[in-house]
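Residues per chain, in single letters:
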Amino acid sequence: MSARVLLAEDEENILTSLTFLLERAGYDVSVETEGPKVLKAALSTPPDVLVLDVMLPDMDGYEILRRLRASPATERLPVLMLTAKGQREDRETALRCGADLFITKPFANSEIINAIGELAEKRLQ
Amino acid sequence: MLSANILLFVCLGYVALLFAVAFVVDWRTRRKPIRWLQSSVIYTLSISIYCTSWTFYGAVGSAARNGLEFITIYLGPTLVFIGWWWLLRKLVRIGRAHRITSIADLISSRYGKSPSLAVLVTTIAVIAITPYIALQLQSVTNSYQVIVGNNDGTTTAFWIAAGMALFTILFGTRNLDANERHHGVVAAIALEAIVKLLALIAVGVFATFIVADGLDDVFAGISAETIQGAGDIFGPRWIALTFLSATAIICLPRQFQVTVVENIEERHVATASWLFPLYMLGMTVFIVPIALVGQSVMPSGSNPDLYVLTLPLAENRNELAMLAFLGGFSSATSMVIVAAIAASTMVSNHIVMPVALRLLPAKAVSGDVRNLLLTSRRFSIAAILGLGFLYFYLSGGSDALAAIGLIAFVGVAQFLPSLIGGIFWRSATRAGAIAGLVVGFALWAYTLFLPSFDGHFILSAGVINQGPFGISLLRPEALFGLDHFDPLVHAVVWSVGMNALCFVVFSALTTPDGLERLQGALFVDVYKSSGGSASNISAEVADTEDLFVLAQRILGGVPAKKLFDEMAASQGIKTGLPHPTDAVVARLERELAGSIGAASAHAMVTRIAGGQTVSITELIDIADETQQVLETSRQLEEKSAELERTAQQLRVVNDRLRTLDAQKDEFLSQVSHELRTPMTSIRSFSEILMEEHTITDDDRARFVHIIHDESLRLTRLLDEILDINRLEAGVSKLDLTQLDANAAVKKALETIAGMTRSAGVTVRTELATDELWIRANNDRLRQVMINVLSNAVKYNLADKPEILVRTALVDGFVQIDIIDNGGGVPPEVSTSIFDKFARGIRTGRNHGAGLGLPISLAIMRAMNGNLTIEVTAENTTFFRLSFEHALIRHRAPAPAQGTA
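Just so it is clear, the structure is predicted and the values come from calculations on it, not from any experiment.

Criteria and cut-off values
- Residues numbered from 1 in each chain as written.
- Chains lettered and ligands numbered in written order.
- Predicted model: local features only at pLDDT ≥ 70, side-chain atom pairs only at ≥ 80, totals over all residues.
- Heavy atoms only, no water.
- Helix = DSSP H or I, 4+ residues; strand = E, 2+ residues; numbered from the N terminus.
- Buried < 20%, exposed > 50% of the residue type's maximum accessible area, 1.4 Å probe, protein only.
- Contact = heavy atoms within 4.5 Å.
- Areas by Shrake-Rupley, 256 points an atom, 1.4 Å probe, with all protein chains shown as cover.
- Pairing = 2+ DSSP bridges.
- Axes fitted to C-alpha atoms, helices over the stretch in contact; angles between N-to-C directions.
- Phe/Tyr/Trp six-rings, centres within 6.5 Å; stacked < 30°, edge-to-face > 60°.
- Right-handed = clockwise from strand over helix to strand, strands pointing away.
- Salt bridge = Lys/Arg side-chain N within 4 Å of Asp/Glu carboxyl O.
- Buried area = accessible area lost by both parts, 1.4 Å probe.
- Polar contact = N/O pair within 3.5 Å; in protein donor to acceptor, adjacent residues only side chain to side chain.
- Nonpolar A, V, L, I, M, F, W, Y, C, P; charged D, E, K, R; others polar.
- Core = buried A, V, L, I, M, F, W, Y, C linked by side-chain atoms within 4.5 Å.
- Arc of directions from axis to C-beta.
- Parallel < 35°, antiparallel > 145°, perpendicular 65-115°, else oblique.
- Left-handed = near helix turned anticlockwise from the far one by under 90°.
- Patch = residues over 30% accessible without salt bridge, like charges linked within 9 Å, V, L, I, M, F, W, Y side chains within 5 Å.

A.B. asks: I'd like a description of the overall build of chain A, backed by residues and values.
C.D. replies: Of the regular secondary structure elements, chain A holds 5 helices and 5 strands. Walking chain A from its N terminus toward its C terminus, one meets helices and strands in the order β-α-β-α-β-α-β-α-β-α. Scored against the burial criterion, the 125 residues of chain A give a buried share of 58%. When contacts within chain A are restricted to residue pairs at least 6 apart in sequence, long-range pairs at least 24 apart make up 60% of them. Here chain A has roughly 5500 Å² of accessible surface; of this, 46% comes from carbon and sulfur atoms.

A.B. asks: I'd like to hear about the overall build of chain B, residue by residue, with values.
C.D. replies: A count of helices and strands for chain B gives 35 helices and 8 strands. By the burial criterion, 52% of the 900 residues in chain B qualify as buried. Long-range contacts, defined here as pairs at least 24 residues apart, represent 79% of the contacts in chain B between residues at least 6 apart. Of the accessible surface of chain B, which amounts to about 40400 Å², a share of 60% is contributed by carbon and sulfur atoms.

A.B. asks: So what's going on with the sheet that holds strand E3 (residues 49-53) of chain A? Residues and values would help.
C.D. replies: Residues and elements named next belong to chain A. As summarised here, the arrangement of the 5 strands in space is E2-E1-E3-E4-E5, forming an open sheet in which the pairing is parallel. The open sheet has two free edges, formed respectively by strand E2 (28-32) and strand E5 (101-104), since each of these has just one partner strand. On average, each strand axis in the sheet is tilted by 20° relative to the strand beside it, whichever way the strands run. Two strands pair when backbone bridges link them, and strand E1 (residues 4-8) and E2 are joined in this way by 5 bridges, in the parallel orientation. Among the inter-strand pairings, Arg4 is bridged to a residue of E2, identified as Asp28. Across the sheet, helix H2 (residues 35-44) lies against E1, E2 and E3, angled at about 165° from E1, the strand it touches most.

A.B. asks: Tell me about the packing of aromatic side chains, and please be specific about residues and values.
C.D. replies: Residue and element names in this part refer to chain B. Going through the model one piece at a time under the given rule, you end up with 21 aromatic pairs over all chains. Judged by centre distance (5.2 Å) and plane angle (90°), the ring pair of Phe56 and Tyr57 falls under edge-to-face. Exposure class is identical for Phe56 and Tyr57. Each is buried. Plain terms: the ring middles of Trp425 and Phe503 are 5.9 Å apart, the flat faces sit at 75° to each other, and that makes the pair edge-to-face.

A.B. asks: Give me the pairing of strand E4 (residues 79-83) of chain A: which residues, what numbers.
C.D. replies: All names here are of chain A. In terms of burial, E4 is a largely internal element, 5 of the 5 residues being buried. Neither face of E4 is open: one carries Val79, Met81 and Thr83, the other Leu80 and Leu82, and all of them are buried. For E3 and E4, the ladder comprises 4 bridges, and the chain directions are parallel. Bridged to Asp53 within E4 is Leu82. Note that the unit made of E3, helix H3 (residues 61-70) and E4 has a crossover that is right-handed. Two strands pair when backbone bridges link them, and E4 and E5 are joined in this way by 4 bridges, in the parallel orientation. Counterpart to Leu82 in the pairing with E5 is Ile103.

A.B. asks: Would you mind going over the pattern of salt bridges in detail, with residue names and values included?
C.D. replies: Residues and elements named next belong to chain A. Under the counting rule described, the total for this entry stands at 20 salt bridges over all chains. Of the charged contacts in the structure, one is a salt bridge between Arg67 and Glu63, with a shortest N-O distance of 2.9 Å. Here Glu63 and Arg67 lie together in helix H3, a separation of 4 residues that amounts to about one turn. Classification of Glu63 by relative accessible area gives partly exposed; the value is 25%.

A.B. asks: Kindly report on the interface of chain B and chain A, identifying the contributing residues and their values.
C.D. replies: With 26 residues of chain B in contact, the opposing surface of chain A contributes 25 residues. Note on chain B versus chain A: buried area summed over both sides is about 2500 Å², and carbon and sulfur give 54% of it. Our enumeration of links across chain B and chain A arrives at 1 salt bridge. We note a salt bridge from Glu11 of chain A to Arg713 of chain B, for which the minimum N-O separation is 3.2 Å. In this assembly, chain B and chain A are joined by 9 residue pairs in polar contact (both at pLDDT 80 or more). Elements supplying a minimum of two residues to the side of chain B that touches chain A: helix H30 (627-691) and helix H31 (697-729) of chain B. At 13 residues, the largest contribution of residues to the side of chain B that touches chain A is made by H30 of chain B. In the side of chain B that touches chain A, the residues fall into 6 nonpolar, 10 polar and 10 charged.

A.B. asks: Tell me about the nonpolar core, and name the residues and values.
C.D. replies: Residue and element names in this part refer to chain B. Ranked by size, the top nonpolar core spans 172 residues in total, and within it Ile290, Phe409 and Phe415 carry the most contacts. Counting residues per element, this core draws most heavily on helix H17 (residues 318-359), which supplies 18 residues. Those residues in contact with Phe415 that lie beyond four places of it in its chain are Ile103, Ile107, Val121, Ile124, Ala125, Cys251 and Leu437.

A.B. asks: Quick one: what's the story with the environment of Pro451 of chain B, residue by residue and with numbers?
C.D. replies: All names here are of chain B. Tracing the sequence through the fold places Pro451 in the loop between helix H21 (430-449) and helix H22 (461-466). Its relative accessible area of 5% is what places Pro451 among the buried residues. Not counting residues within four places of it along the chain, the set of residues in contact with Pro451 comprises Ala445, Tyr446, Leu459, Ile464, Pro476 and Glu477.

A.B. asks: How would you sum up unusual backbone geometry? Please name residues and give values.
C.D. replies: Following Lys105 of chain A, the chain continues to Pro106 of chain A via a peptide bond in cis, the omega torsion being -5°. Summarising the element assignment, Pro106 of chain A is placed in the loop between E5 and helix H5 (109-124). Located in the positive-phi region is Asp811 of chain B, a residue other than glycine, with phi close to 55°. Along the chain, Asp811 of chain B turns up in the loop between strand E4 (802-810) and strand E5 (813-823). The exposure class of Asp811 of chain B is exposed, given its relative accessible area of 73%.

A.B. asks: Can you explain helix H20 (residues 415-424) of chain B? Please cite residues and give values.
C.D. replies: Counting buried positions over the 10 residues of H20 of chain B gives 9, a clear majority of the element. Residues of H20 of chain B that are buried: Phe415, Leu416, Pro417, Ser418, Leu419, Ile420, Gly421, Gly422 and Ile423 of chain B.

A.B. asks: I'd like to hear about H3 of chain A, residue by residue, with values.
C.D. replies: Residues and elements named next belong to chain A. Those residues of H3 that sit buried are Gly61, Tyr62, Ile64, Leu65, Leu68 and Arg69. Angularly, the buried residues of H3 cover 160° about the axis, an arc narrow enough to put them on a single face. Residues of H3 that are buried sit in contact with H2, E3, E4 and helix H4 (88-97).

A.B. asks: Help me get a handle on the pairing of strand E6 (residues 866-870) of chain B, residues and values and all.
C.D. replies: Residues and elements named next belong to chain B. Only one face of E6 is covered, namely the one carrying Leu867 and Ile869; the face carrying Asn866, Thr868 and Glu870 has none of its residues buried. Across 5 bridges, the pairing between E6 and strand E7 (residues 875-884) is antiparallel. Residue Thr868 lies in a different strand from E7, and its bridge partner there is Arg880.

A.B. asks: Outline the packing of H21 of chain B against helix H23 (residues 487-509) of chain B, supporting the account with residue identities and numerical values.
C.D. replies: All names here are of chain B. Contact geometry of H21 with H23 gives a least axis separation of 7 Å together with a crossing angle of 165°. Our classification of the angle between H21 and H23 gives roughly antiparallel. As H21 packs across H23, the resulting crossing turns out to be right-handed. Facing H21, whose interface residues are Ala431, Gly432, Ala433, Ala435, Gly436, Leu437, Val439, Gly440, Leu443, Trp444, Thr447 and Leu448, H23 presents Pro487, Leu488, His490, Ala491, Trp494, Ser495, Met498, Asn499, Cys502, Phe503, Phe506 and Ser507.

A.B. asks: Outline the environment of Leu166 of chain B, supporting the account with residue identities and numerical values.
C.D. replies: Along the chain, the position of Leu166 of chain B falls in helix H8 (residues 153-172). For the pair Leu166 of chain B and Leu385 of chain B, spaced 219 residues apart in the sequence, the C-alpha separation amounts to 10.0 Å.

A.B. asks: Requested: an account of a nonpolar patch on the surface, with residues and values cited.
C.D. replies: Residues and elements named next belong to chain B. Nonpolar side chains collect at one region of the surface, where Val205, Phe209, Ile210, Leu215 and Phe219 lie side by side and expose about 430 Å² of accessible area between them. At the level of elements, helix H9 (183-211) and helix H10 (214-219) are the ones that each hand at least two residues to the nonpolar patch. By residue number, the principal contributor to the nonpolar patch is H9, which donates 3 residues. The residue Phe219 is located in helix H10 in this model. Residue classification places Phe219 among the partly exposed positions, given a relative accessible area of 32%.

In structure tokens, the structure reads:
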């Protein structure tokens, strides 16, 4: 059974490339583009890996992560955070909120695929 | 009778002894002070110059004539020393703190260093002590005559005066420095004090126990009335005499000299307060017995003033007579020496020096001045003894020694109001002191001094008896009919009374100037300063620090620091304060003088530089009172207020800069974010295209298309960012032309017609019927309108999307309103909607960067117009473009309906 990855991202073209790459790598990919919907989807059917953009409409990634960590079902959910703000305080905020990994846009394809693979492996062990 | 030669020989031998003592003491003191010569006993003995030959001979005479009245002369000083020793201590403290050289110096210094006051006091002092000097000449002359039987009194007196002048010059002007204490002279005087006490006691013991048969024999058959004398005890004359003698012990220049100027340690005053009355008791105890024995033994008609001498002679005790003569001689010489030193110091310091300094070339070296000082003091001594001789000559050798002494007492009593007032009353002023002294001195001269010549000098006998021009009210000895007192009491009441009255009244009427107030406070509050025995170890450091504190206070912190740094640098000190050299002190004084005047600067700097006992805090407190400092402080306050205003402005600017800086940071962060997003897609897809060789042609075409789109998006973003920055910075100057707003609206709607049609948006227009002239840039205005309109289309979520565009002229402003029903802007967003990159509504997949509205606003502002968002009904977004109407003459607009 292939690992399920939830992509939480509101940029259409980025979603396109990530979906393409992850499906090619054999993941089961689902997509959400709005903050509250991401939270709802992650809580109802927790994926194996959550790829979470910080700048989402209506609820930002930090808030979503905080709420996920507060719920027993998702407190140990592997989360990879994406942000277009590459500043150090963004990384710190992400890790403090409970992100497992943090990647700054623009990223190399190999970088994000390896990161997701790492998290999925940890999850399945 | 003794031969003149023997007497002369003994006198010269005695003088030689005194010289030897003075010389040895001076010489030893300079090398290593002899401890016991610095003691309080020597100090007390030197004060005993109060007991002059007048006391030595005259007290017996007074006792013989007036009974116990002579006691008053001792009573006053005793009261002062026992009851008022703290007054003396205060004088001593002030004298040491201010380096006072004489009573004239003290009074003038107290009243703002007034030169005129110094001259006045000096003049009065010289005139007042002249009778006193004459008295000494007379007593020595008389005693000489009695012993050797020479009758030419005047010649004798002249030679005695000349001898004393020489003696005093040799004694008193050996030291170059006027401020230096005369240790040798004091030692010699102390020796003389012992000689005169021993001599008087010896004569007393001789009279009581050898001539008479003990005290019982002396007082046998003597009634109380005889002893009490003619004057009633505790009557006006008694009170006046006690008052005068009490005053004299304070105010006599020679007493001031030994008590204050020559004082080595303040605590010596405490010893003197009981030892000196004891000494006077020793001088008094045999007065009455000698007088009584003399009266019973000596032939009637013999001068009772000379009983001390004539009694041993009558009994053929030549050696005792010789001792008595030496006692009288000691009394006279010690008094004359000190009186002449004191007077010559005053004359040279307060009269000769000021005149000389004015006449001498400015660059006279200090050696010249010192020589001048010495010379002037020597001449002063000669002149004072000359005056004494002149008085002796003119007064015809009045027989009553005591009467002459009292004239001097009343004369110096004129100093009392200014002196006491000066050290206890802050508000005493120079004008008060001068008025009191002048009036008191004039009344003294008129009622007592001039009449003492018995009509031989200035006042004729007629004037003395009948008053000037026969006006009996102005009779010198019964002024304004005050004739039931004896002349002495009369003179005391008038001169001292009017003196004190004028002093108080004029002081109350005048305001002291800065220096007077300064000096007044320093004198009155001399104890408030730190103790006189301050450590000398750190004196240098403390001095410079004190000077620096003072300089800071008066010059201000920065100039003071600069000045001291300069001075330190000139001494080769890199950091820290300069050494307090004379040059530093002088430099500082010059600098301070520029701010507070030379006199105050001098006063302040010398007080500190001299290591005096006045605290800086006090000086500064007083300095604060001076007008100059008030002025400086007012200016400082103004400057400080100005600085405060500047600081306030700077704070505002700073806050604004900080806001701008924060905005700049936020903008850069936003730009970075907006650029990273398209770049992420571009990078990701290009990597896919580079690395994945198995993708379909469809995917490949789709991915290349995305890369292309995102590249365009990047370019547009950069253009917008550059555009908005240039607009905001005012770099892009837009060319404005006069155009019709209605026409512009129509063209914009035409441009966007395709977009609205495809989105199914209905556009209505309500345009003003007339042209609405505005000054704008046609292309830019269209850009703004298309931007707002396309937003209205893009973000419209209504089922039946509608846009209303209307134009109107309101209050001289042309308004272009663009209203849509697309859901509106939440109030919390409406304020930030023009912020760069803010997006009113995040609808998910829109890719419009948030720069459209900020750019539109920047354009509108660059065209002197404005773009606002109006909050109206729910679900309604209402943008308004407004311009100033370009034409003033215009009819009221009438709205027209229409559909585009």
